[in-house]
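Listed below, chain by chain, are the residues.
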Amino acid sequence: MLENVKINTHYVHYEHRRIDPNKSTLVFINSLGTDHRVWSYVLAELGQNFNVLKYDKQGHGLSEQATKTLSIGTYADDLIALLATLSIHKVIPIGLSIGGLIAQELYRKRPELVDKLILTNTATKIGSEENWNQRIQAVKENGLSSISDLILSRWFGSGFAANHPDRCAMAKAILLQTSDAGYVAACQALAGADLTAYASSIQVPTLCIAGSHDQATPTHIVRAMADLIPQSEFFELPSVGHIPCLEAEKEFTQTILNFLSKYEEGDS
């Protein structure tokens, strides 16, 4: 059931399904310019055997934008507060793009909450401050819609838009429903985020997923992140771009299930 809850001065939109109190909770953390709906295609299978929490970060989907300037730490603090509110004590974050940075920051701040990590199409640092500032300026001057086609061209692998115009239309609608302020704040957080120095301190099993056609977080930077994390596994999805949960949900889901099947669930 979809709900709103007030945490850290603002309302957060979420959906929580608990099927087994003895299992960890899969926490789905969205990418820049998307909301909880981006996970719809993978939840049909992942939601059958796991507790699930999906939510919208500040300024995305139906969650409020509390402040104009945010950091990855702020987003992680929001998630920590949400977990406390829902009495969730053990999680397996599935972080996509900026969501992967939020997942890493969650571990840095509260490692006892994290059972395993799934980091997809992400890195310890994404892009350069200069590039993020250019995007911020473009949105401030002409709105998010002015660069929406450019963003979408970087989200999916070659040929996907022609073969799946329905999913691309949905992705564009989700993107354009993101507020300009929310998008800019997330870009500012990305511009200042670098968790490289902390990656080696991650001491839980970690799956790092890349897409071979991903322009935003190319395979080599995902692999570089995996090389820094002691208990990591790396997997590349062929011919897939930046949003595999929309583009290749079956392969993406199976990769996650294969990883999780290697470990017994801890207490949630």
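Attention in this report is confined to the structure presented alongside it. This is a predicted model, so every value here is computed, not measured. (Residues numbered from 1 in each chain as written. Predicted model: local features only at pLDDT ≥ 70, side-chain atom pairs only at ≥ 80, totals over all residues. Heavy atoms only, no water.)

What follows covers the overall build of the protein. Looking only at helices and strands, the protein features eleven helices and eight strands. The C-alpha radius of gyration computed for the protein amounts to 17 Å, which stays within 12% of the reference 18 Å derived for 268 residues, consistent with globular compactness. Taken over the C-alpha atoms alone, the protein extends approximately 50 × 40 × 35 Å along its principal axes. Residue burial in the protein is summarised as follows: out of 268 residues, 55% are buried. Within the protein, residue pairs in contact and separated by at least 24 positions form 78% of the contacts whose partners lie at least 6 positions apart. If you sum the accessible surface of the protein, you get close to 10900 Å²; carbon and sulfur atoms cover 49% of it. Charge-centre separation for the protein: the mean point of 22 positive side chains lies 2 Å from the mean point of 29 negative side chains. (Helix = DSSP H or I, 4+ residues; strand = E, 2+ residues; numbered from the N terminus. Rg over C-alpha atoms; globule rule 2.2 N^0.38 Å. Buried < 20%, exposed > 50% of the residue type's maximum accessible area, 1.4 Å probe, protein only. Contact = heavy atoms within 4.5 Å. Areas by Shrake-Rupley, 256 points an atom, 1.4 Å probe, with all protein chains shown as cover. Lys, Arg positive; Asp, Glu negative; His and termini not counted. Charge placed at Lys NZ, Arg CZ, Asp CG, Glu CD.)

A word on the side chain of His 242. The residue His 242 is located in the loop between strand 8 (232-237) and helix 10 (244-247) in this model. According to the relative accessible area criterion, His 242 is buried, its value standing at 4%. Polar contacts involving the side chain of His 242 include one to the side chain of Asp 214, which spans 2.9 Å. Those residues within four positions of His 242 in sequence are excluded, and the remaining contacts are Leu 96, Ser 97, Asn 121, Arg 154, Trp 155, Phe 156, Asp 214, Ala 216 and Thr 217. (Polar contact = N/O pair within 3.5 Å; in protein donor to acceptor, adjacent residues only side chain to side chain.)

Another point: the state of the cysteines. Covalent bonding between the sulfur atoms of two cysteines is what defines a disulfide. Counted according to the given criterion, the structure contains zero disulfides. Its sulfur unpaired, Cys 168 is 13 Å from the next cysteine sulfur, which belongs to Cys 245. Accessibility expressed as a relative area gives 14% for Cys 168, which makes it buried. No disulfide involves Cys 208; its sulfur sits 16 Å from that of Cys 245, the nearest cysteine. (Disulfide = S-S within 2.5 Å.)

By the bridge criterion, six bridges tie strand 7 (residues 206-211) to strand 8 in an arrangement that is parallel. Following the sheet pairing, Cys 208 is matched in strand 8 by Phe 234. Assessed by its sense of winding, the connection that carries the chain from strand 7 through helix 9 (residues 219-228) to strand 8 is right-handed. (Pairing = 2+ DSSP bridges. Right-handed = clockwise from strand over helix to strand, strands pointing away.)

Going through the model one piece at a time under the given rule, you end up with ten salt bridges. Lys 172 is the partner of Asp 149 in a salt bridge, and the nearest nitrogen-oxygen pair spans 3.1 Å. Residue Asp 149 is found in helix 5 (residues 148-155), and its partner Lys 172 is found in helix 7 (residues 165-176); the two are separated by 23 residues along the sequence. The exposure class of Lys 172 is partly exposed, given its relative accessible area of 30%. (Salt bridge = Lys/Arg side-chain N within 4 Å of Asp/Glu carboxyl O.)

Let us look at the environment of Thr 25. With respect to the helices and strands, the residue Thr 25 is situated in strand 3 (residues 25-29). The buried category is assigned to Thr 25, whose relative accessible area is 0%. Contact partners of Thr 25, with chain neighbours within four places excluded, come to Asn 51, Val 52, Leu 53, Ile 88, Lys 90, Val 91 and Ile 92.

Here we come to the environment of Thr 196. Along the chain, Thr 196 turns up in the loop between helix 8 (180-191) and strand 7. Sequence separation between Thr 196 and Ile 229 is 33 residues, and the spatial gap between their C-alpha atoms is 9.9 Å. Dropping the residues within four chain positions of it, Thr 196 is found in contact with Thr 124, Lys 125 and Leu 228. Here the side chain of Thr 196 touches Thr 124 through a polar contact of 2.8 Å, side chain to side chain. Engagement of the side chain of Thr 196 in a polar contact is seen with the side chain of Asp 194, the distance being 2.6 Å.

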